[in-house]
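Letter by letter, the chains look like this.
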Amino acid sequence: MGDETASVSKGIFVFKPKKKPQHTILDELFSENRWYQTYISLWTRLNQDFEDLTESMFTSMTSDLLNFVKTSHQNDVTEIPTAALLTGINMPDHDAQFASLKRQVKEDVSPYVAFLSSQDCGNVKSLMEIMISQFIGLSDDREEYEDDLVKNTLKKSSLNMSLLESWYQQTENELLVVIIPDFESFNAKVLQSFILIISSHLGKLPFVFIFGIATCISTLHTSFPYHVTMKINVHVFKCEPSIVYLNQVLEGIFLDIFCPFHLGGKVLDLFTEIFLFYDFSVQNFVQNIKFAMMEHFSHGNAMALCLMEKTAIKNVLADFNHEDCENVRHLLSFRNFVESEPYEQRIKLITDDEYFKQAVYDKVVAIQRYIKRLHVFLRCLHALVYDLPGSPLGKNLRELYTLALTKSITQSAEYRESFQLLEFQSKDALQEKLRRIADILAQFVNKGSSKTKLRDFCVEIDRLVRILQNTDVEESEKDEISLEEGLGAMVDRKALKQALFSRSKQKSKTQDKYEKLKQEILAYLSGQFEEYLVHPSTLPFYEIFFFDDISIKNHIIGIHRAAIHNALNDPHRYLQCKCCAISNKRTVKALMPDICIAYKLHLEWGKMINLYDWLMGFLCIVDPQEEDDLSDKSKKVVDPHVQARFTQAVAELEYLGFIKSSKRKTDHVIRLTWEG
Amino acid sequence: MDALSKSFPGREPQIAQLLAYFRAAPYPPAVYIRGGPSSGKCAIVSGLLGALRIRHALVDLVECYSSKVLFELVLNQLSGHRVDPAVGAPFAACDHLMDFVGQLGRIEDVDGSVVVLRHAEELRKLEANVLAGFLGLRQLTRVRVSVVLLSEVAFEKYYHKLNLSEPLKVHFPQYSMEQLLHILQLDFPHAEQLSAVQVDREFHRSYLSVFLPVFYRACRDLSELRHMSRKHFAQYCQPVLDQQLRAQDSLALWKRIAPIFNAATSVLYLRVSSKHPGQGLELPFYSKYLLIAAYLASYNSSTDDKRLFMKFHGKKRKTRHDIERKNKPSAHLNTQIGPKAFTLDRLLAIFYSILEDKVGFNNHLLIQVSSLVQLQLLSLASDECSLDERKYKCNVNFETIQTIARMVGFNVRKFLTDFSHM
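Residues numbered from 1 in each chain as written. Chains lettered and ligands numbered in written order. Predicted model: local features only at pLDDT ≥ 70, side-chain atom pairs only at ≥ 80, totals over all residues. Heavy atoms only, no water.

**Q** So what exactly am I meant to see when it comes to the overall build of chain A here?
**A** Counting its regular elements, chain A contains 29 helices and ten strands. Counting contacts in chain A only where the partners sit at least 6 residues apart, residues at least 24 apart contribute 73% of the total. As displayed, chain A has an accessible area near 35500 Å², and 52% of this comes from carbon and sulfur atoms. (Helix = DSSP H or I, 4+ residues; strand = E, 2+ residues; numbered from the N terminus. Contact = heavy atoms within 4.5 Å. Areas by Shrake-Rupley, 256 points an atom, 1.4 Å probe, with all protein chains shown as cover.)

Encoded structure:
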């Protein structure tokens, strides 16, 4: 006991935890491991990128909003200026967004910001108290806030508008900003009276509201009566749709040339499905990726090689000991690699660590090169196909990426269809596409570097663009000529006909020329794509960079009903005991827990279950000898121990919600769940 | 006093009546003033008391979420007490009516002061003795204070089991169109500021005589009318500013502004300016289906579920049903009556039957249901504390559900008993 708690009377003392730099359990457990170091540095970087991107995405909207707030009280106002922020329903993403908004308002507009969340504001009284306490500079934190109350000798009940008014007269007449992030969750009645109160003080206190609305603006109208809506002057601000946000996050961070960790097609598909079908939340999406990363890296030190710099790979390999090498040898693709080598090398690969390290280095560098090309060519392909009618390959880069990592994209039907469609493209469209590709290549290709294949590709594209342009010029020249000819021969019908005929012929000639060129271009592009957009599994050690273990689905999407069913139907799965192991799902064993026996029996009944029949079934399994006695049809006495066990099992099933007692038939229970 | 009458045209009799009450002491113990929103009650009373130099406290009851706040506000104002923000103490802490009565007598020179309470109908929400206490304040305190209650409802709505002493009553009737026109003309200085061209009173008057008949049909609220007239005046002046029309050409000006007025009557009382019109509701795919399922569960009776959602249902049942339905008048249609509550099980059963691709039952789906509740698209119809047998209602109307259904390519009408029989 320290001095702080020395007290005459007995009492409970509250100790607040002192804030330390946070070390998670993971840090303590794994900080020694090399794979964990790689993981944590990569994750920190990606997370930082994610936060930066999020901030920059909302800047334009936020700056509009801040401007509105700043200028809202320049003229005399009769209604409360209100910014309605349509945020979309992606709830988990909002917190960070509003926190940064609050910070920016504090920095740029006014130090007086109140942040009200629906949990704390169940009635008008608590709403006013919390708002006023935040304005007059008491802490946001609940516990500290109680402390401050004591320090300032302010009573909680004295926090009312008259206090706020007299406090405001002492300040520098800044705006009072109230942020309500979750408008829908608020009690509409409470908000109504809040708005009325504030509007009656608007002359003296310059209030501005910011409402976060998740659904649509009409919610604002349906939740308030006329005499309230006329008190607020609403300006609507809109965030980007969450799907745009997702695409930007994916393209800017995770499908980037600098990110060594790659999600496989199936896993990325799963994550996008969760996003589109369930929650629209980018925050959750990123957390899912984090989970996949942890799963990936925890395979072992082999994953420490998941890096994009050559020198770093060299350093990591230099530190590898025999066990680490073994870890790498356990990768599945190593087997194929070994088998493809001649006999002598095989032995060396398996036994000689130094030789093995050199081989790993070569292969990993090859993968790095592959990854760079993969991204560049995917982006080129995207530029080529994103706006095709019907978009067989999808409109977004992430769809292309998913396809390319699920199977060999150039062999797919969608790819063939896209190239067929490309053959119908007009010259302008094709030229535009080629120019886009040239732009993309210009971003990635280092002009100063020595000749690489990428550079050759870049040069070739530039050449093709130029040729295309030239055919353009030729054709337009001929066009003019033919037009003049046509005009000159206008006098005579026959001549005109001839002129038109020759003109169409000429045109078809240039057309032919263009067709030929187009064929050439497309064939060239397709050849390039076929060379570089191969499926990663063809490369040895690809597992280090690509994670495609769909079994994480069970961790990402929880299925509690199925889990309970499995536990009760097949207890061996969770208990891992010898006694409960069953080969057939329908088998019932006497050694199983009572509740499992009762559960398995109840699956055989229909909607109503007769308790006596159920008990008899239970008896048959628990105490099989009794069955022989039953054959003489005499009513037997049930062992009270067994009956008690049965009753308990039934009660447990009722507690779990599988059955409920029925009022209509007293000796029956109703079944509540159905399979399938 | 003339100035007061001048700034409130059409209120001369009421002002005279109030003047009779408050011209000289002793003032009446309680006065009850009734009138619609923005009919000048508060402005006239505070103007009058100010002009007569009568000490008064003006408290809006909307602000008083507890009687404590009300008592302390009245005492603070009457005593001229200023709240020190560092201490926060009121003139005196009053937890209930007796404290208030006691403290009121302690204020110096409190004789002859007046307590004005706006939105007095809110008094009924406070403790039962507060209203009676204020009406009989003089007897309780033995100090000559008067109480003026301002309200929008008739005094008869206050009767309850307590015997209330009847106050004097003053009624502020609704303004007539002529009176409104007169009052809105007082807004001329503001209009002069607004318009970029030089306007005279006659021009403003002709604008109002065009403006008022359109809006008078939909709205009698003076402050709303004033807001609207200010909002549209600049638009009215625009053709003059562009020198397309002359200021005297009122008929042509009316032709220009009439469609704008008609559009504006539908957004009365709503002050929304948006750069992004037509913003629809964005929902994840399964949420859309859950919402559709909720709508179907709310607007179909559960006895029809089998027939609607199962492939092989008895035919006999259907024909009998058919006849019943045909006789049903349209007022009894399910979609016209309003949502009925349904259980979570039923929601999920319908959800799985209308969803074409089969998805496992998982926790993400359950979370969707609660987030729909949080978004107020569904509402919880059962007790919030009980966890099993939860019941919900669908809060979405038919138009919205149709647009959502169209987005996922689903025909709602086919699955609504109201439509599938007609």
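Okay, back to it.
**Q** Hey, could you run me through the pairing of strand 4 (residues 207–213) of chain A in this one?
**A** On a regular strand, one side chain projects to one face of the sheet and the next to the other, so that they alternate. All names here are of chain A. Of all seven residues in strand 4, seven are buried, a share of seventy percent or more. Because side chains alternate across strand 4, one face comprises the buried residues F207, F209, F211 and I213, and the other comprises V208, I210 and G212, equally buried. Pairing geometry for strand 1 (residues 80–86) and strand 4, over five bridges, is parallel. Paired with L85 across the bridge in strand 4 is G212. Both strand 3 (residues 176–180) and strand 4 contribute to a ladder of five bridges, which runs parallel. Bridging from a neighbouring strand, V177 pairs with V208 of strand 4. (Buried < 20%, exposed > 50% of the residue type's maximum accessible area, 1.4 Å probe, protein only. Pairing = 2+ DSSP bridges.)

**Q** Would you mind showing me how to read the nonpolar core here?
**A** Nonpolar side chains tend toward joint burial in soluble globular proteins. Counting residues in hydrophobic clusters, the biggest one holds 177 residues, and the most contacted among them are F261(A), F271(A), F529(A), F541(A) and L296(B). Here the element with the most residues in this core is helix 17 (residues 353–385) of chain A; it accounts for 18 residues. Excluding residues within four positions of it along the chain, F271(A) makes contact with L263(A), F285(A), N288(A), I289(A), A292(A), I552(A) and I556(A). (Core = buried A, V, L, I, M, F, W, Y, C linked by side-chain atoms within 4.5 Å.)

**Q** Is there a simple way to explain the sheet that holds strand 8 (residues 378–380) of chain B in this structure?
**A** One key point about sheets: their strands pair by backbone hydrogen bonds, in either a parallel or an antiparallel sense. Residue and element names in this part refer to chain B. Spatially, the three strands line up as an open sheet ordered 7-9-8, and their pairing is antiparallel. The strands lining the two open edges of the sheet, one partner per strand, are strand 7 (342–343) and strand 8. Bridge count between strand 8 and strand 9 (residues 391–394): three bridges; the pairing is antiparallel. Bridging from a neighbouring strand, L380 pairs with Y392 of strand 9.

**Q** Help me out: how do you make sense of the packing of aromatic side chains in this one?
**A** To describe a pair of aromatic rings, one takes the distance between the centres and the angle between the planes. A complete count under the given rule lists 58 aromatic pairs over all chains for this structure. Where F377(A) meets Y532(A), the ring centres are 4.6 Å apart and the plane angle is 20°; that geometry is what we call stacked. Within this pair, whereas F377(A) is found in helix 17, its partner Y532(A) is found in helix 22 (residues 493–532), the two being separated by 155 residues in sequence. Overall, Y532(A) belongs to the buried group, its relative accessible area being 8%. Consider the rings of F285(B) and Y289(B), whose centres lie 5.3 Å apart with planes at 65°: the pair is edge-to-face. (Phe/Tyr/Trp six-rings, centres within 6.5 Å; stacked < 30°, edge-to-face > 60°.)

**Q** Explain the pattern of salt bridges to me, please; I cannot follow it from the model alone.
**A** When charged atoms on two side chains of opposite charge get close, those side chains can pair. Taken as a whole and assessed by the stated rule, the structure comprises 21 salt bridges over all chains. Residues E460(A) and R463(A) are paired through a salt bridge, measuring 2.8 Å at the closest nitrogen-oxygen approach. In this pair, E460(A) and R463(A) both sit in helix 21 (residues 453–488), three residues apart, roughly one turn of the helix. With its nearest N and O atoms 3.8 Å apart, the salt bridge here joins R205(B) to E202(B). On the criterion of helical spacing, the pair formed by R205(B) and E202(B) is a turn pair, its members being three residues apart in helix 10 (residues 201–216). Because the salt bridges share partners, they merge into one network encompassing E326(A), R329(A) and D353(A). (Salt bridge = Lys/Arg side-chain N within 4 Å of Asp/Glu carboxyl O.)

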